[in-house]
Amino acid sequence: MKVKIGFIIVLIFGILIFSSLRLEFGNDVGITAGMYIEKGVSETGAVNLVSSILADYRVYDTVGETIILFIAILGVSMILKGDKK
Amino acid sequence: MSSRIVETATNIIVPFMILFGVYIVINGHLTPGGGFQGGVILGSCALLVYIVFGAKKRVKGISIFENIAFSNPFKSSQVFLKDISILENISALVFLFIGLSGIILGGFLFSNFIARGTPGTITSGGTIPFINIAIGLKVAAGFAILFFIVLEYIERRD
């Protein structure tokens, strides 16, 4: 059993390492990312690019995150909050 | 519940943690950080206070944190929970209100309708600082509620 699990782990790591050797890093950032880097500061006025993407370009994603947090709190308080008698 | 050393150290550390969290939120458009990160720092302040002082126990020694930041959370746990739930809802509504007012003033939802300002200063970024502050308050209040409910459940079960 241990030999089988070890074999599977070695196989998965081998596949990951082999496939990561073929990746090319840092060559092309794509059209959208290049636009963010070039025009981000002038369009939003924020120096922090991550913040300008989170709160300006991709703000719908942030809305979804806050709704997820809200629903998580709702669920926790529904399950764990005590009875008022 | 805990020793006097831990309580005193918490009273000293917590104001600086709150200051650091507020700094991360307000400077979210200038330095690394933002609403979520600063809000989590502020929420972990609440977790520290809950763990050290207990969620229900009334503490005699008055700390700065008790009086200024959370308006004496040990006065009554249910009242405190109600207050902070209202804070969470209001900050979520402010966040959505900024987005909806973008329709009227800017033309589409969540448009950046305030003047950009010079990049690098605290007044730059248009609506980004306001969105960051709203998210920061919401995340801080949400994590405080989460920790409060879980710790209260543990205390009640024991």
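Residues numbered from 1 in each chain as written. Chains lettered and ligands numbered in written order. Predicted model: local features only at pLDDT ≥ 70, side-chain atom pairs only at ≥ 80, totals over all residues.

1. Here we look at the overall build of chain B
The secondary structure content of chain B amounts to five helices and zero strands. Counting across all 158 residues of chain B, residues that qualify as buried make up 35%. Considering only contacts within chain B whose residues lie at least 6 apart along the sequence, 67% involve residues at least 24 apart. (Helix = DSSP H or I, 4+ residues; strand = E, 2+ residues; numbered from the N terminus. Buried ≥ 20, exposed ≤ 12 C-beta atoms within 10 Å, placed from the backbone. Contact = placed C-beta atoms within 7 Å.)

2. A look at the confidence of the model for chain A
When pLDDT is averaged along chain A, the result is 86, and 91% of the positions lie at 70 or above. Mean pLDDT per element in chain A: helix 2 (residues 31-44) of chain A is the minimum at 85, and helix 1 (residues 2-21) of chain A is the maximum at 92. (pLDDT = per-residue confidence, 0-100.)

3. Details of the environment of B:S44
If you trace the backbone, B:S44 turns up in helix 2 (residues 35-53). The spacing of B:S44 and B:D158 is 114 residues in sequence and 23 Å in space, taken between C-alpha atoms.

4. With respect to the interface of chain A and chain B
With 22 residues of chain A in contact, the opposing surface of chain B contributes 30 residues. Counting only elements with at least two residues in the side of chain A that touches chain B, the list comes to helix 2, helix 3 (49-57) and helix 4 (59-80) of chain A. Looking at which element gives the most residues to the side of chain A that touches chain B, the answer is helix 4 of chain A, with nine residues. Taken together, the residues of the side of chain A that touches chain B sort by class into 11 nonpolar, nine polar and two charged. (Nonpolar A, V, L, I, M, F, W, Y, C, P; charged D, E, K, R; others polar.)

5. Considerations on helix 1 of chain A
The end-to-end C-alpha distance of helix 1 of chain A is 28 Å, a good match for the 28 Å that 20 residues give at a rise of 1.5 Å each. Burial analysis of helix 1 of chain A places just zero of its 20 residues in the buried class, which makes it a mostly uncovered element. (Expected span 1.5 Å × (residues − 1).)

6. Some words on the packing of helix 2 of chain A against helix 3 of chain A
The angle between the axes and the distance between the axes are what describe a pair of packed helices. Residues and elements named next belong to chain A. Remark: helix 2 packs on helix 3, axes separated minimally by 10 Å, with the N-to-C direction vectors making an angle of 70°. The angle between helix 2 and helix 3 falls in the class roughly perpendicular. Crossing of helix 2 over helix 3 shows left-handed handedness. Here helix 2 contributes Y36, G40 and T44 to the contact with helix 3, which in turn contributes L49, S52, I53, D56 and Y57. (Axes fitted to C-alpha atoms, helices over the stretch in contact; angles between N-to-C directions. Parallel < 35°, antiparallel > 145°, perpendicular 65-115°, else oblique. Left-handed = near helix turned anticlockwise from the far one by under 90°.)

7. A short note on the confidence of the model for chain B
Residue and element names in this part refer to chain B. Within chain B, residue pLDDT values average 80, and 82% of them lie at 70 or more. Across chain B, the secondary-structure element scoring lowest on mean pLDDT is helix 3 (residues 64-69), at 44, and the one scoring highest is helix 1 (residues 4-26), at 89. Considering only residues more than four positions removed or in separate chains, one finds that residues 58-69, a stretch of pLDDT under 50, has 16 contacts. For this predicted complex, the interface confidence score (ipTM) comes to 0.77, while the overall pTM stands at 0.79.

8. Side note on helix 1 of chain B
Residue and element names in this part refer to chain B. Here helix 1 spans 34 Å end to end across 23 residues, near enough to the 33 Å set by a 1.5 Å rise per residue. Along helix 1, the sharpest change in direction is near 30° and occurs at I13; proline P15 comes one to four residues later. Along helix 1, the residues classified as buried are V14, I18, G21, I24 and V25. (Bend = angle between axes of the 7 residues up to and from the residue.)

9. As for the nonpolar core
Ranked by size, the top nonpolar core spans 34 residues in total, and within it B:A140 and B:A144 carry the most contacts. Put simply, the parts of the chain that give this core at least two residues each are helix 3 and helix 4 of chain A together with helix 1, helix 2, helix 4 (77-106) and helix 5 (128-157) of chain B. It is helix 5 of chain B that provides the largest number of residues to this core, a total of 14 residues. Those residues in contact with B:A144 that sit more than four places away from it in its chain are B:G43, B:A46 and B:I84. (Core = buried A, V, L, I, M, F, W, Y, C linked by C-beta atoms within 7 Å.)

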